[in-house]
Amino acid sequence: MSTAHHITFTDWLHDSQRAHGTLPANLIQTLMVTAEACRRIGAAIGQGALAGVLGAAGSENVQGEDQKKLDVIANDILLQLHSDGSHLAGMASEEMDDPFPVPHPGSSDAYLLLFDPLDGSSNIDINAPVGTIFSVLPAPAGCDARDASVFLQPGSAQVAAGYAIYGPSTQLIITLGHGVHAFTLDRYSGELILTQEHLALPAQTQEFAINMSNQRFWEAPVQTYVTDLLAGKTGPRAKDFNMRWVAAMVADVHRLLSRGGVFLYPLDSKMASKGGKLRLMYEANPMAWLVEQAGGQASTGHQRILDIMPTGLHQRVPVMLGARDEITELTRLHSA
Ligand code: AFP
């Protein structure tokens, strides 16, 4: 229920349907269920040690990474809530080797939901921000979601993308292709309330985000780019830069959507054989669309992320995204 000043997520979805006529019922249902899952994940995180949800799960995911208990809990919440319904044909997760077909996909306009259920989980045990990243793709009519190939669509095919960030407040940031909009969880009512419309990313910035400890492993264009930033006023950029690194993509991207910036997780020689650190389908693609919808750019250094034709469900790519002019400079350096 929306009041004169407060528009709930549910009402915003229906308003978007009326305004753009592009929101089929199953897509609205997909987004409402995802929002509810994020609310429950945030509640579990918020209980922290009191709920016995911190620490390692004692298992590894498909990436060979040690899972946190909350990685598994968050993944289970998304699977359970979305399994009851006919809005999805299937799901894919950072935490699962194979796709998860919905037992009884219903009508023709079902969707595919991909997610990183708990991004930045290494931050969990230090009470730092973490999040859930999601991407929605159209499900080809009659597809068998046990076949990973149905998910292998370019990021430009997304019909919705967003993330929840579990920080001092819980926020849901989303795009349906008509700008980027922010909702804040009212912890008293449980409602997600529209708090910012049309987030805009300035073309220029003085703030960059990168894990500097990898510097010696970067390729030459990124070495040159970061060296120029660090040279500040005395260097070729003729201005000083600040650096931030939260080590949760959701938090670093949220910062640049909130006040500008540029984020890089470039290829480095440690990760070169894997193709990079971040996963294309459920990290790079949704974040790239959000950034482009806010007026920024998202590139591997060599190509637009949303143009990549995926070859694997857990494919990794180098990621550079944010302020338009910074990504233009990075792509110039990569083509020099
Ligand atoms: P975890 O989910 O394993 O913490 O990884 C988070 C992440 O995939 C992404 O959210 C961060 O930007 C990046 O890794 C941080 O990587 P470093 O730990 O190498 O800085």
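Residues numbered from 1 in each chain as written. Predicted model: local features only at pLDDT ≥ 70, side-chain atom pairs only at ≥ 80, totals over all residues. Heavy atoms only, no water.

- Naming follows an unreviewed UniProt entry, where the protein chain appears as Fructose-1,6-bisphosphatase class 1 of Paraperlucidibaca baekdonensis.
- Quoted straight from UniProt, the Subunit (unreviewed entry) entry for the protein chain says "Homotetramer."
- UniProt, in its Pathway (unreviewed entry) section for the protein chain, records the words "Carbohydrate biosynthesis." (UniProt positions renumbered as here; feature names shortened; annotations may be inferred.)

1. Observations regarding the UniProt feature "binding site: Mg(2+) 2" (unreviewed entry) in the protein chain
Thought 1: Mapped onto the present numbering, the UniProt feature "binding site: Mg(2+) 2" (unreviewed entry) falls on Asp116, Asp119 and Glu283. Across 168 residues, the annotated set stays spatially compact, with a maximum C-alpha separation of 8.6 Å.
Thought 2: Residue position: Asp119 is located in strand S5 (residues 111–119).
Thought 3: Once you skip the residues sitting within four places of it in the chain, Asp119 turns out to touch Val130, Gly131, Ile133, Ala248, Met249, Val250 and Glu283.
Thought 4: Within the secondary structure, Glu283 is located in helix H6 (residues 280–293).
Thought 5: Taking the relative accessible area as the measure of exposure, Glu283 reaches 0% and is therefore buried.
Thought 6: Dropping the residues within four chain positions of it, Glu283 is found in contact with Glu94, Asp116, Asp119, Ile133, Met249 and Leu278.
Thought 7: From its side chain, Glu283 meets the backbone nitrogen of Arg279 in a polar contact 2.7 Å long. (Helix = DSSP H or I, 4+ residues; strand = E, 2+ residues; numbered from the N terminus. Contact = heavy atoms within 4.5 Å. Buried < 20%, exposed > 50% of the residue type's maximum accessible area, 1.4 Å probe, protein only. Polar contact = N/O pair within 3.5 Å; in protein donor to acceptor, adjacent residues only side chain to side chain.)

2. Side note on unusual backbone geometry
Thought 1: A positive phi angle, close to 60°, is found at Asn127, a residue other than glycine.
Thought 2: The residue Asn127 is located in the loop between S5 and strand S6 (130–138) in this model.
Thought 3: With a phi angle near 50°, His198 is a residue other than glycine that sits in the positive phi range.
Thought 4: Its location among the elements puts His198 in the loop between strand S10 (192–196) and strand S11 (207–209).

3. Observations regarding the sheet that holds strand S3 (residues 88–93)
Two pairing modes exist for strands in a sheet, parallel and antiparallel, and in both the strands are linked by backbone hydrogen bonds.
Thought 1: Here we have eight strands laid out as an open sheet, ordered S4-S3-S5-S6-S7-S8-S9-S10, and mixed in their pairing. Across the chains shown, the open sheet's two edge strands, defined by having one partner strand only, are strand S4 (100–101) and S10.
Thought 2: Pairing of strand S9 (residues 180–185) with S10 involves four bridges; the strand directions are antiparallel. The residue bridging Thr184 from the neighbouring strand is Ile193, located in S10.
Thought 3: Relative to S6, H6 is tilted by about 85°, and along the sheet it contacts S3, S5, S6, strand S7 (160–166), strand S8 (170–175) and S9. (Pairing = 2+ DSSP bridges. Axes fitted to C-alpha atoms, helices over the stretch in contact; angles between N-to-C directions.)

4. Concerning the sheet that holds strand S12 (residues 242–243)
Thought 1: If you walk across this open sheet you meet the five strands as S12-S11-S13-S17-S15, and the pairing is mixed. Only two strands of the sheet have a single neighbouring strand rather than two, namely S12 and strand S15 (297–299).
Thought 2: Here S15 pairs with strand S17 (residues 319–322) via three bridges, running antiparallel. Paired with Ala298 across the bridge in S17 is Leu321.
Thought 3: Each of S11, strand S13 (262–265) and S17 touches helix H5 (residues 249–259); the most contacted strand, S17, lies at about 30° to it.
Thought 4: The strands touched by helix H7 (residues 324–335) are S13, S15 and S17; relative to S17, the strand with the most contacts, the crossing angle is about 150°.

5. Let's talk about the environment of His178
Thought 1: If you trace the backbone, His178 turns up in the loop between S8 and S9.
Thought 2: Ignoring sequence-local partners within four residues, the contact set of His178 consists of His20, Thr22, His198 and Gln293.

6. What about H5?
Thought 1: Along H5, nine of the eleven residues are buried, which leaves the element largely enclosed by surrounding structure.
Thought 2: The complete set of buried residues in H5 reads Met249, Val250, Ala251, Asp252, Val253, His254, Arg255, Leu256 and Leu257.
Thought 3: Phi turns positive one or two residues past the end of H5, at Gly260, with a value near 95°.

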